[in-house]
Amino acid sequence: MKLYGLSKKERLSGGGDFEGLFKEGKVCGNKHLVIRYRTNQLSFSRLGIAISKKKVKAASRRNYLKRLVRESFRLNKHQLPKGLDIVVTIKKIDGITLNEIQTSLINLLSNLC
C-alpha cells in the first residue's frame, strides 16, 4: 500500500463492520473526537466515519467533515498503530480544522486510552 494513499481496503464499509465496532469496540475520546476501535486480523488499520444527520443537518457540511477526517488519517497512518478497525465521530463541529483533527487523532490512537 502507498504510504500516503487511502485505498478501499483501508476503509470500513458495510453495516456489519460498524455494528461490530459499536457493540464490541473500546471507546476513547477528547474534546474534538470520539473513536471506537478494536483489533482486526489485518496488517493495516481501517477507518470508518460516523457523523449523524441529527448533529450536522447539511449534507455538504457532513461530507466536508468526513473529508477532513479521511485526510488526517491518510496523512498520518504511518504513525498510527496497525491492525485496528477505527470509527471516528466528531464531537466539536463548529470551527474544527484539519490540524485539530490530526492532533486529536494521533493523540487518541497513540495512547489508546
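For the structure, see preceding data.
What you see is a predicted model; the values in this text were computed from it and never measured.

Calculation criteria
- Residues numbered from 1 in each chain as written.
- Predicted model: local features only at pLDDT ≥ 70, side-chain atom pairs only at ≥ 80, totals over all residues.
- Heavy atoms only, no water.
- Core = buried A, V, L, I, M, F, W, Y, C linked by side-chain atoms within 4.5 Å.
- Buried < 20%, exposed > 50% of the residue type's maximum accessible area, 1.4 Å probe, protein only.
- Helix = DSSP H or I, 4+ residues; strand = E, 2+ residues; numbered from the N terminus.
- Contact = heavy atoms within 4.5 Å.
- Axes fitted to C-alpha atoms, helices over the stretch in contact; angles between N-to-C directions.
- Parallel < 35°, antiparallel > 145°, perpendicular 65-115°, else oblique.
- Left-handed = near helix turned anticlockwise from the far one by under 90°.
- Nonpolar A, V, L, I, M, F, W, Y, C, P; charged D, E, K, R; others polar.
- Pairing = 2+ DSSP bridges.

To continue, consider the nonpolar core. Core analysis: the largest hydrophobic core is formed by 24 residues, its most contacted members being I35, L65, I86, V88, I90 and L105. Where this core is concerned, the elements lending two or more residues are β2 (33-39), β3 (46-49), α2 (59-76), β4 (84-90) and α3 (98-111). When neighbours within four sequence positions are excluded, L65 is seen to be in contact with I51, V56, I90, I93 and I96.

Interhelical geometry of α2 versus α3 gives an angle of 55 degrees and a closest axis separation of 9 Å. Judged on the interaxial angle alone, α3 and α2 are oblique. With respect to the hand of their crossing, α2 and α3 are arranged in right-handed fashion. Mapping the contact onto sequence places L68, V69, E71, S72, F73, L75 and N76 in α2 and L98, I101, Q102, L105 and I106 in α3. A breakdown of the residues in the contact of α2 with α3 according to their chemical character gives eight nonpolar, three polar and one charged.

Moving on to the environment of L98. Topologically, L98 is positioned in helix α3. Owing to a relative accessible area of 29%, L98 belongs among the partly exposed residues under this scheme. When the C-alpha atoms of L98 and R67 are compared, they prove to be 9.4 Å apart, with 31 residues separating the residues in sequence. If sequence neighbours within four positions are ignored, L98 has contacts with L68, E71 and S72.

On to the sheet that holds β3, then. Strands sit in the order β1-β2-β4-β3 across an open sheet of four strands; the sheet is mixed. Each having just a single partner strand, β1 (26-29) and β3 make up the two edges of the open sheet. Between one strand axis and the next, the sheet turns through 25 degrees on average, direction left out of account. Here helix α1 (residues 15-24) sits on the sheet in contact with β1, β2, β3 and β4, set at roughly 100 degrees to β2. Across the sheet, α2 lies against β3 and β4, angled at about 165 degrees from β3, the strand it touches most.

Taken together, the four bridges between β1 and β2 define a ladder with antiparallel strand orientation. Following the sheet pairing, V27 is matched in β2 by R36. Between the antiparallel neighbours β1 and β2 lie three residues.

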